[in-house]
Amino acid sequence: MTAQKLMLHVCCAPCSTHVIEKLREDYDLTCYFYGPNIHPEEEYRRRLEEARDYCGSQGIAFVEGEYDASEWLEAVKGHEEDAEGGERCKICYEFRLKNTAEAARRLGFDPFTTTLTLSPHKKADVINEIGRQIGARTGIRFLEEDFKKMDGFKRSVQMSKDHGLYRQSYCGCEFSKR
Ligand code: SF4
């Protein structure tokens, strides 16, 4: 049986390590780097190149999304002071997953999912609910996961060390950097 073509939204190389390892067993995987939330642009480029290089080293196809940072800022307007994990983050997840689903549809992928649930700072049930709703709207199934489970995060830290990957010290946006 031919494996389903899955589009994996990737936030950074370290988070992609364990997720790629897990999903490639069952899917024909392509990584989609989409991070308009990442500030400044120099940091965006650094994370992008690290993710691209890592995928290349693993023989995984890689697609770069658009860096539409001003649209992202407009979307989270009024939520600059929200605590991490609050409303701004939900808008941010929605923004990134919606774009990924649209890219998946345009490029002929089904299902799609994201590396975001790997982080111990991010609630999988919130991300999965947003993904489910976007999946229902776009007609591209969202693969619900919690990649941090079964020591998934720990494994990603080890793999990142083994591959000498750059690991950032803040989530991504200028508000998380403060
Ligand atoms: S803290 Fe992270 S998830 Fe929350 S809005 Fe900023 S970049 Fe997005």
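All of these numbers come straight from a predicted model, not from anything done at the bench. (Residues numbered from 1 in each chain as written. Predicted model: local features only at pLDDT ≥ 70, side-chain atom pairs only at ≥ 80, totals over all residues.)

Enquirer: Honestly, the pairing of strand 3 (residues 61-64) in this entry has me stumped. Any pointers?
Expert: Where a strand is regular, its side chains alternate between the two sheet faces. Pairing geometry for strand 2 (residues 28-33) and strand 3, over 4 bridges, is parallel. Paired with Cys-31 across the strands is Phe-62, a residue of strand 3. (Pairing = 2+ DSSP bridges. Helix = DSSP H or I, 4+ residues; strand = E, 2+ residues; numbered from the N terminus.)

Enquirer: Please clarify how the site of the ligand should be interpreted in this entry.
Expert: Around the ligand, the surrounding shell consists of Asn-37, Glu-84, Arg-88, Cys-89, Cys-92, Cys-171, Gly-172, Cys-173, Phe-175 and Ser-176. Broken down by element, the residue count for the shell around the ligand peaks at 3 residues, all from helix 4 (residues 87-107). Grouping the constituent residues of the shell around the ligand by class yields 5 nonpolar, 3 polar and 2 charged. (Near = placed C-beta within 6 Å. Nonpolar A, V, L, I, M, F, W, Y, C, P; charged D, E, K, R; others polar.)

Enquirer: Honestly, the pairing of strand 2 in this entry has me stumped. Any pointers?
Expert: Across the 6 residues of strand 2, 5 count as buried, placing the element largely inside the fold. Each parallel crossover has a hand, and the one from strand 1 (residues 5-10) via helix 1 (residues 13-23) to strand 2 is right-handed. Between strand 2 and its parallel partner strand 3, the chain crosses via helix 2 (residues 41-58), and the hand of that crossover is right-handed. (Buried ≥ 20, exposed ≤ 12 C-beta atoms within 10 Å, placed from the backbone. Right-handed = clockwise from strand over helix to strand, strands pointing away.)

Enquirer: Can you help me understand the nonpolar core in this one?
Expert: Taken as a class, soluble globular proteins show a tendency for nonpolar side chains to be buried jointly. Ranked by internal contacts, the top residues of the largest apolar core, which has 38 residues, are Met-7, Leu-8, Cys-31, Tyr-32 and Ala-51. Per element, the largest residue contribution to this core is 8 residues, and it comes from helix 4. Each residue touching Leu-8, except ones within four places of it in the same chain, is listed here: Val-19, Leu-23, Leu-29, Thr-30, Cys-31, Tyr-32, Thr-113 and Thr-115. (Core = buried A, V, L, I, M, F, W, Y, C linked by C-beta atoms within 7 Å. Contact = placed C-beta atoms within 7 Å.)

Enquirer: Whenever I open this one, helix 4 confuses me. Can you help?
Expert: Taking 1.5 Å per residue as the helical rise, helix 4 with its 21 residues ought to reach 30 Å, and the 30 Å between its terminal C-alpha atoms agrees with that figure. Three or more residues of helix 4 are buried, namely Arg-88, Cys-89, Cys-92, Tyr-93, Phe-95, Arg-96, Leu-97, Asn-99, Thr-100, Ala-101, Ala-103 and Ala-104. If you follow the buried residues of helix 4, they end up packed against strand 1, strand 2, helix 3 (69-75), strand 4 (112-114), helix 5 (124-138) and helix 7 (174-177). Where helix 4 ends, the next residue or the one after it, Gly-108, has phi of about 85 degrees, a positive value. (Expected span 1.5 Å × (residues − 1).)

Enquirer: Explain the sheet that holds strand 1 to me, please; I cannot follow it from the model alone.
Expert: To summarise the sheet geometry, strands pair through backbone hydrogen bonds and adopt either a parallel or an antiparallel arrangement. Read across the sheet, 4 strands follow the order 3-2-1-4 without closing on themselves; strand pairing throughout is parallel. Strands with a single pairing partner mark the edges of an open sheet, and in this sheet they are strand 3 and strand 4. Across this sheet, the average inter-strand angle for adjacent strands is 25 degrees, counted without regard to direction. Where strand 1 meets strand 2, 6 bridges bridge the pair, whose relative direction is parallel. (Axes fitted to C-alpha atoms, helices over the stretch in contact; angles between N-to-C directions.)

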